[in-house]
Amino acid sequence: MPINVLRHLLLTLCILLTTTKGWSAPLSLPATEQAWLREHPVVSVAYDGYFPPYSFLNSDGQLEGLSVELMGRIETLLGIRFEVLPSYKWQALYDAGKQQEVDIVATMVDQPERRQWFHFTRPYIFKSLVMITRDQGTDIYTRADLPGHKVALVKGYHYVDEVLEQHPTIEPVYVDTIRDALEAVSVGQADAAITFLGAAHYYRNKFLIANLRYAALYQRDNANASLAVRQDLPILARILDKALAAIPAAELQQLREKWLPTSLLEELVDITLTAEERAWIDEHKTLRLGVDPEFAPFEYIEEGAYKGIASDYVKLLNQRLGLNMVVVPNVDWQTVMHRVRRGDVDVLAAVGKTQERQGYLNFSAPYLQFHRVIITRSDTPFIAGVNDLEGMQVAVQRNSSNHGYVTDHTNLKPVLYGQLQEALLALSGGEVDAFIGNVAATSYWIRKLNLTNLKIAAPVSTDVQNLHFAVRNDWPELIPILEKGLATITAKERAAIAQRWINIDYVPAPDRTWLWVVATVAILLVVGFGVWTLILNRRVATRTTQLAYSTNFDQLTALPNRFLTLDRLQQDLRLARRQQRSIAVLTIDIDDFKKVNDLYGQREGDNILQAFTQRLRQTTSEDTTIGRLAGNQFLIIQKDFTEETDAALKAERLINTIKREPFGSSAAVMLSASIGIAVYPNDSNDPEELLRHSEMACYAAKELGNGHYSFYTDSLNRGMARRLELERHIYKALENGEFEVYYQAKINTINGQIAGVEALLRWHSPVLGFVSPAEFIPVVERNGLIEDIGYFVLNESLETLSQWQHLVSDQFSMAINLSPVQFRNNELIGVIESLIHRFHLNSHTIEFEITEGVMLSNYAGVEKVLKELEALGVSLAMDDFGTGYSSLSYLRQYKFDILKIDREFITDLTTDESDRKLVAATIAMAHELGMKVVAEGVETTAQHQILLELGCDYSQGWLYSKAQPKHMVTIALEKQAAAPSSHQTDEN
């Protein structure tokens, strides 16, 4: 091959690889860090030599493992050499790090008590705990199965105490090493071991311990390890953190896959079943599963075996939940449906939901989707939809969801067939004119039967059709159990299942036209190769230019991207340093831009971003750098800057310019933006840190409301660090059961009885301790967790309300706070309505507390949601009345049932005459408007007496009770219920 062609091929290969694999992010270090590396070309590092597969001594006494390879990569990136400490025992190297005898410890968990000796980088090792059992003769499948069993635990490991606290009835078998734990299970000395997946997998393979299996995930990411740097070298910690960030995610993943059983971790699950759910499974040893024997590829019977997509889901659910779903043999689908009505079939694995079926079945959430289509013969004239089928003979499969759809949604009189393939054969043979069915099953049988004269003519509708698990209606307990199991099946597993069953080969009738196809392709290949060699040069040059442009510029706005913007900022800082002048960095974030994309679509959103860019250019001088940092985040580097007021004026002009007129081509969209400002040299002389500080300031500006600006301060940095710490720990708090709903009593002011309660969320983190809702609620509102946590509060509190109404009175009430973010959830009303029905509650005993923050959220749908809540019959309470600017106008606009006077007006009620008059006027006004009144923050009997005299209906505060867990409130209500009937709570 000519050398120039070879050169082109290699260059092309390089270009293709860079487009698919990615490359290391440039490691841009400030001058101070570069100088430090030049002065310290050798850095000492310590490895735990007994920590496989992360770092360990192999049989030749050489270090190897994930951490060792990663440090080699960092060594190359930084251009320095790591000198290994010749000590491999953990305690020795840990002490060496504390005494500053070594610079880096390669694997260490970041714990608060260690920070007095070490700085920590971002974590790069994520260790998960697993449960390991023998592969046969075990009844341990989930954590709930551990009580009463012998469990091998490695002495001294940090998680042992937590395991024993969570499972006090297990019998611990203490061992010295992970290998000892595995062998204890293997020989029957223990029923299970709880240990780290990576190390366990290494020892299993090395010592061929073959009779074990990974039963379940015990805790994901239990202990994440970082690089630990001695306390007097913070600069080295920063350098290493940047080096870790510069290694592409794909490369890190490849390294983890080499040393860790990552595929196993994806397959392991942790399903938390309640005691009642576990007892239900134990009581129902066998579940009779009804299947459609001809519903391929979703489910079918072939040679007596249950096959298809649903069969794989059934296997996984049986394994993960400890169920025993067994196929009812030798019955067709029509018989299955008859039997399920009689209670002779318990579960259906792949069934559509119809109005008729909901009368005798409970359905899970959908887990499979398909499209319903019209099939005709190839010679049938054009058909656009169902309406074109009038007057035709249309076939459907009897008792299928398609049968139900045709009956419920069309005027067609279908021709019914017992089996899908019968209907398709009838269509192919001319007995009927069309067939309605789902595209997957229909396509499967058309190929299987080689019906070459059939075609997909049109969709029945644009809606996606769903398949569910369905359970006989006297077993509602099984649905949430199945849904918990389905939730553990990952997207990767679902894709693999679909790939396995949908891509099924079939053998068509012999066709010799392939010979001509092969000959034609051969000729085209010869010609194509010649053409390819001629145009290769041009393509390579074009692609190289494109790569250079895309590396530095944003494709949509043609602005410098984050990489190029940082480079220009670094150049500007060098010049400013020489000229001894200041620079302001302004991070601009378009407020609520996600709503623009949601309302108008991605294309219009892109048009608006381009118009926004143009307006920024018009507002700035030609030599000003404008960059696009991310989706709706931009940056301006202001060089004509003498004092902070200049930056403030610039930010105000930008904010006003952005708000001046609408954006968009097809939609007139008004925008606002929040701006954060950081100043060189006051806030930093490092470009990355300066940018980070301006982003923090922008974050703070958003908290002030849309269209504000804020300067960076040291307190912002501290606050951001705290918020990041909260976000890190709150991510799995709900999953780990760290949240609990507390309840504060609402007292009838006249008789002193508990008339209701307010539900209040509490978070106890095992790491942070008790965290105030004032701290964590804003965090979950920003990161999107508020919807899941809000559902948790609704479900827990309304279930509790149902129990307490049976105990006390059906008029006993529950007040629940709604976040402004929850109002944006289109499913909020449906969720509330379903919970009311599930727990059989009188809706008027449920109070939703609305703060002024909801009204000021600028969400157009607030009024609609309030009206829908009112239509449900629930009570609405105006919370913290009197603390905002517009409370009276909201009372005029919306129908509230309850008004809550803020504690601010109650605190000085006994000493401040103006507060007393305000409270009296508020109570009188509320009663005139037909509202009940609740006073918050009552702490003294004198305050209670005044409220009683003023006619306040209810009171809350520490005088009566602090917020308490459910069992404490239950005790109080039981005492109240046991009192004479004359003292029962008055009606709300």
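Residues numbered from 1 in each chain as written. Predicted model: local features only at pLDDT ≥ 70, side-chain atom pairs only at ≥ 80, totals over all residues. Heavy atoms only, no water.

## A closer look at helix α11 (residues 275-283)
Then step 1. When α11 is considered as a whole, its buried residues turn out to be Glu277, Arg278, Trp280 and Ile281. Down the axis of α11, the buried set is contained in an arc of 155°. They therefore lie on one face. Away from its buried face by more than 90 degrees, α11 exposes Ala275, Glu276 and Glu283.
Then step 2. For α11, the elements touching its buried residues are β13 (287-290), α12 (309-321) and α17 (478-487). (Buried < 20%, exposed > 50% of the residue type's maximum accessible area, 1.4 Å probe, protein only. Helix = DSSP H or I, 4+ residues; strand = E, 2+ residues; numbered from the N terminus. Arc of directions from axis to C-beta. Contact = heavy atoms within 4.5 Å.)

## A closer look at the environment of Gln614
Then step 1. Of note, Gln614 is situated in helix α22 (residues 602-619).
Then step 2. For Gln614, a relative accessible area of 40% puts it in the partly exposed group.
Then step 3. Separated by 57 residues in sequence, Gln614 and Thr557 have C-alpha atoms that sit 8.7 Å apart.

## Topic: the sheet that holds strand β2 (residues 50-51)
Then step 1. Pairing in this open sheet of three strands is antiparallel, and the strands run β2-β3-β4 from one edge to the other. The open sheet has two edge strands, β2 and β4 (63-64), and neither has a second partner.
Then step 2. Two elements, β2 and strand β3 (residues 55-57), share two bridges in a ladder whose sense is antiparallel. Bridge pairing in β3 links Phe51 to Ser55. (Pairing = 2+ DSSP bridges.)

## Some thoughts on empty space enclosed by the protein
Then step 1. Using the criterion set out here, one finds three cavities of 30 Å³ or more in the structure.
Then step 2. Each pocket or cavity is described by its volume, and for the largest cavity that value is around 110 Å³.
Then step 3. Contributing to the lining of the largest cavity are 14 residues, with Asp292, Phe295, Ala350, Ser400 and Ser401 lying nearest its centre.
Then step 4. Here the residues of the lining of the largest cavity sort into six nonpolar, six polar and two charged.
Then step 5. Roughly 40 Å³ of internal volume is contained in the second largest cavity.
Then step 6. What lines the second largest cavity is simply Lys746, Val757, Glu758, Ala815, Glu847, Glu849, Ala877, Ile898, Lys900, Val934 and Gln956.
Then step 7. Going through the elements one at a time, β33 (754-765), β36 (846-850) and β38 (898-901) are the ones with two or more residues in the lining of the second largest cavity.
Then step 8. Here the lining of the second largest cavity is built from residues that sort into five nonpolar, one polar and five charged. (1 Å grid on protein atoms, 1.4 Å probe; cavity = no way out; pocket = protein on both sides within 12 Å on 5 of 7 lines; lining within 4 Å. Points joined across faces, edges and corners; volume = space filled by probe spheres on them. Nonpolar A, V, L, I, M, F, W, Y, C, P; charged D, E, K, R; others polar.)

## Thoughts on unusual backbone geometry
Then step 1. A cis amide bond links Pro52 with the next residue in sequence, Pro53, at an omega value of 0°.
Then step 2. A cis amide bond links Tyr680 to the next residue, Pro681, at an omega of 5°.
Then step 3. Of note, Pro681 is situated in the loop between β30 (673-680) and α24 (687-703).
Then step 4. Positive phi values are uncommon outside glycine, yet Asn330 reaches one of about 60°.
Then step 5. Along the chain, Asn330 turns up in the loop between β17 (325-327) and α13 (333-342).
Then step 6. Its relative accessible area of 82% is what places Asn330 among the exposed residues.
Then step 7. One non-glycine residue, Ala558, adopts positive backbone phi at about 65°.
Then step 8. Structurally, Ala558 is set in the loop between α19 (514-552) and α20 (562-579).
Then step 9. Note on Ala558: relative accessible area 36%, which makes it partly exposed.

## Considering the nonpolar core
Then step 1. Ranked by size, the top nonpolar core spans 71 residues in total, and within it Ile730, Phe739, Ile816, Ile846, Phe848 and Leu869 carry the most contacts.
Then step 2. When residues of this core are assigned to their parent elements, the largest contribution, eight residues, is made by helix α27 (residues 786-807).
Then step 3. Not counting residues within four places of it along the chain, the set of residues in contact with Leu869 comprises Leu818, Phe823, Ile829, Ile832, Phe848, Val874 and Leu876. (Core = buried A, V, L, I, M, F, W, Y, C linked by side-chain atoms within 4.5 Å.)

## Topic: α24
Then step 1. For α24, built from 17 residues, the straight-helix expectation of 24 Å at 1.5 Å per residue is met to within 8% by its first-to-last C-alpha distance of 25 Å.
Then step 2. The first or second residue beyond α24 is Gly705, which carries a positive phi of 115°. (Expected span 1.5 Å × (residues − 1).)

## Description of the sheet that holds strand β16 (residues 305-307)
Each strand in a sheet pairs with another by means of backbone hydrogen bonds, the pair being arranged parallel or else antiparallel.
Then step 1. The strand order β14-β15-β16 describes an open sheet built from three strands, whose pairing is antiparallel. Edge positions in the open sheet fall to β14 (294-295) and β16, since each of these has one partner strand only.

## A word on the pairing of strand β1 (residues 42-46)
Then step 1. Within β1, four of the five residues are buried, which leaves the element mostly enclosed by the surrounding structure.
Then step 2. Strand direction decides the pairing type here: β1 and strand β5 (residues 81-84), joined by four bridges, are parallel. Its bridge partner lying in β5, Ser44 is registered against Glu83.
Then step 3. Across two bridges, β1 lies against strand β6 (residues 104-109) in parallel orientation. By the bridge assignment for β6, Val45 is matched with Ile104.

## Remarks on the packing of aromatic side chains
Then step 1. The tally for this structure, following the rule as stated, stands at 19 aromatic pairs.
Then step 2. Considering the side-chain rings of Tyr709 and Phe711, the 6.3 Å spacing of their centres and the 80° angle between planes classify their relative orientation as edge-to-face.
Then step 3. A ring pair is formed by Trp804 and Phe812, whose centres lie 6.2 Å apart and whose planes are at 85°; its orientation type is edge-to-face. The same class applies to Trp804 as to Phe812, namely buried.
Then step 4. The structure contains a cluster of three or more aromatic residues connected by ring pairs, namely Phe56, Tyr202, Tyr203 and Trp259.
Then step 5. Just above the ring of Phe663 sits the side chain of Arg615; from NZ or CZ to the centre is 3.7 Å.
Then step 6. A cation over a ring is seen here: Lys746 above Tyr954, with NZ or CZ 4.9 Å from the ring centre. (Phe/Tyr/Trp six-rings, centres within 6.5 Å; stacked < 30°, edge-to-face > 60°. Lys NZ or Arg CZ within 6 Å of the ring centre and 35° of its normal.)

## Quick look at the environment of Arg179
Then step 1. Within the secondary structure layout, Arg179 lies in helix α6 (residues 178-186).
Then step 2. Between the C-alpha atom of Arg179 and that of Ala200, which follows or precedes it by 21 residues, the distance is 7.3 Å.
Then step 3. The contacts of Arg179, once residues within four sequence positions are left out, are Tyr203 and Phe207.

## Description of the pattern of salt bridges
Then step 1. Overall, the coordinates contain 34 salt bridges when judged by the stated rule.
Then step 2. Between Arg122 and Asp241 there is a salt bridge whose closest N-O contact spans 3.2 Å. Of this pair, Arg122 sits in the loop between β7 (118-120) and β8 (125-134) while Asp241 sits in helix α8 (residues 234-246); the two residues are 119 residues apart in sequence, bridging distant segments of the chain.
Then step 3. Given the relative accessible area of 22%, Asp241 is considered partly exposed.
Then step 4. Here Arg342 makes a salt bridge to Asp344, at a shortest N to O gap of 2.9 Å.
Then step 5. In this structure Arg342 comes out as exposed when scored by relative accessible area, which is 56%. (Salt bridge = Lys/Arg side-chain N within 4 Å of Asp/Glu carboxyl O.)

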